[in-house]
Amino acid sequence: MLEKVRTENPIIHCITNHVVSNFQANGLLALGASPIMGEAPEEAAELAALADAVSLNIGTLNSQSLTSMLIAGKKANAMGTPVVLDPVGAGATEFRKNAVNKILEEVNVAVIRCNAGELAAIAGADWQAKGVDAGEGDADIGEMARTTAKRLGLIIAVSGATDLVTDGERVAEIQYGHEIMASITGTGCLLSSVVAAFLAVHPKAHFEAAAAAMHYYAIAGELASRQAELPGAFQRAFLDRLAATGEGELDKFMQEKEGVLKR
Ligand SMILES: Nc1ncnc2c1ncn2[C@@H]1O[C@H](COP(=O)(O)OP(=O)(O)O)[C@@H](O)[C@H]1O
Ligand SMILES: Cc1ncsc1CCOP(=O)(O)O
Ligand SMILES: [Mg+2]
């Protein structure tokens, strides 16, 4: 599935936050996709129309960018283009929570990619989120993801030490990755747009594409963590691994892990 992203080089229209915009664009380029950032309402429909997937991210949302997200999302729906939503900090403010609800009401979102705190906010579960970070809670993340995916009729890809992807029936669990990934800002945001890029080239298999994206990303992160121990070096190593990791590296990595488990 990864090679198809590289050969087709899909255009990803990102309406994202100003914290991670540059990292997100560089990460998409490293993957082999073609990012275009743009958040003016005046061009939202045109950008969505030329894109192969649309990645919406509410990290530094304002009234204008919310308007753009609704315009871009609806245009993407009309064109049959997949939309991914990253509900950054959904539980932090009423504005964010209402915005997520409005987007979900008006736009047919294919995948919500979020952390556990954001999922809990969408699910209405008791949880202590920590700003844009996942925070802590007792709710069963897998159960929350399955029931919310079913209720909303979409795919949920929730990240953390273990990543879960579910359409409400099927569940893929990804145990790879490394905690250093959470020590640089934007790894979640970039992941959401990487999911969008995989969806763009696998229009009939969104669940499999989202799971493949999460596998690729976690493995690139774990490989990078072997090269760099501190955040600055890790960010650089991670971009390099996103670029250098192909299907062959993914297979080799998983075979090695399997070998370790069996021993
Ligand atoms: N403790 C961890 N162990 C392994 N991977 C992690 C860990 N924490 C986060 N990740 C990875 O970092 C990326 C971002 O996830 P996360 O931090 O949950 O998202 P966000 O940045 O949106 O809060 C994902 O690929 C996830 O798998
Ligand atoms: C710190 C911060 N503040 C608003 S958006 C943002 C970036 C969040 O990025 P991620 O969810 O990928 O950690
Ligand atoms: Mg996030």
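Residues numbered from 1 in each chain as written. Chains lettered and ligands numbered in written order. Predicted model: local features only at pLDDT ≥ 70, side-chain atom pairs only at ≥ 80, totals over all residues.

Taking an unreviewed UniProt entry as the reference, the protein is identified by name as Hydroxyethylthiazole kinase belonging to Planococcus liqunii. Listed in UniProt under the heading Sequence similarities (unreviewed entry), the comment for the protein reads: "Belongs to the Thz kinase family." Taken verbatim from the UniProt record of the protein, the Cofactor (unreviewed entry) comment is "Mg(2+)". (UniProt positions renumbered as here; feature names shortened; annotations may be inferred.)

## Details of the pairing of strand β8 (residues 155-159)
Counting buried positions over the 5 residues of β8 gives 5, a clear majority of the element. Going residue by residue along β8, you find Ile 155, Ala 157 and Ser 159 tucked away on one face and Ile 156 and Val 158 tucked away on the opposite face as well. The pairing of strand β5 (residues 111-115) with β8 spans 5 bridges and is classified as parallel. Bridge assignment links Arg 113 to a residue of β8, and that residue is Ala 157. The sheet contact formed by β8 and strand β9 (residues 163-166) spans 3 bridges and is antiparallel. Its bridge partner being in β9, Ile 156 is matched across the sheet by Thr 166. Between β8 and β9, which pair antiparallel one after the other, the connecting turn spans 3 residues. (Buried ≥ 20, exposed ≤ 12 C-beta atoms within 10 Å, placed from the backbone. Helix = DSSP H or I, 4+ residues; strand = E, 2+ residues; numbered from the N terminus. Pairing = 2+ DSSP bridges.)

## Some details on the UniProt feature "binding site: ATP" (unreviewed entry) in the protein
Those residues carrying the UniProt feature "binding site: ATP" (unreviewed entry) are Arg 113 and Ser 159 in this numbering. Taken along the chain, the residues just named run across 47 residues; in space they keep tight, none of their C-alpha pairs more than 7.6 Å apart. Excluding residues that lie within four positions of it along the chain, Arg 113 makes contacts with Val 84, Asp 86, Ala 157, Leu 191, Ser 192 and Val 195. With respect to the helices and strands, the residue Ser 159 is situated in strand β8. Apart from residues no more than four positions distant in its own chain, Ser 159 is found in contact with Asn 115, Gly 188 and Leu 191. (Contact = placed C-beta atoms within 7 Å.)

## A word on the nonpolar core
Core analysis: the biggest nonpolar cluster contains 92 residues, and Val 111, Leu 119, Val 195, Ala 197, Phe 198, Leu 199 and Ala 210 have the highest contact counts within it. The dominant element in this core, judged by the number of residues it contributes, is helix α9 (residues 206-225), at 14 residues. (Core = buried A, V, L, I, M, F, W, Y, C linked by C-beta atoms within 7 Å.)

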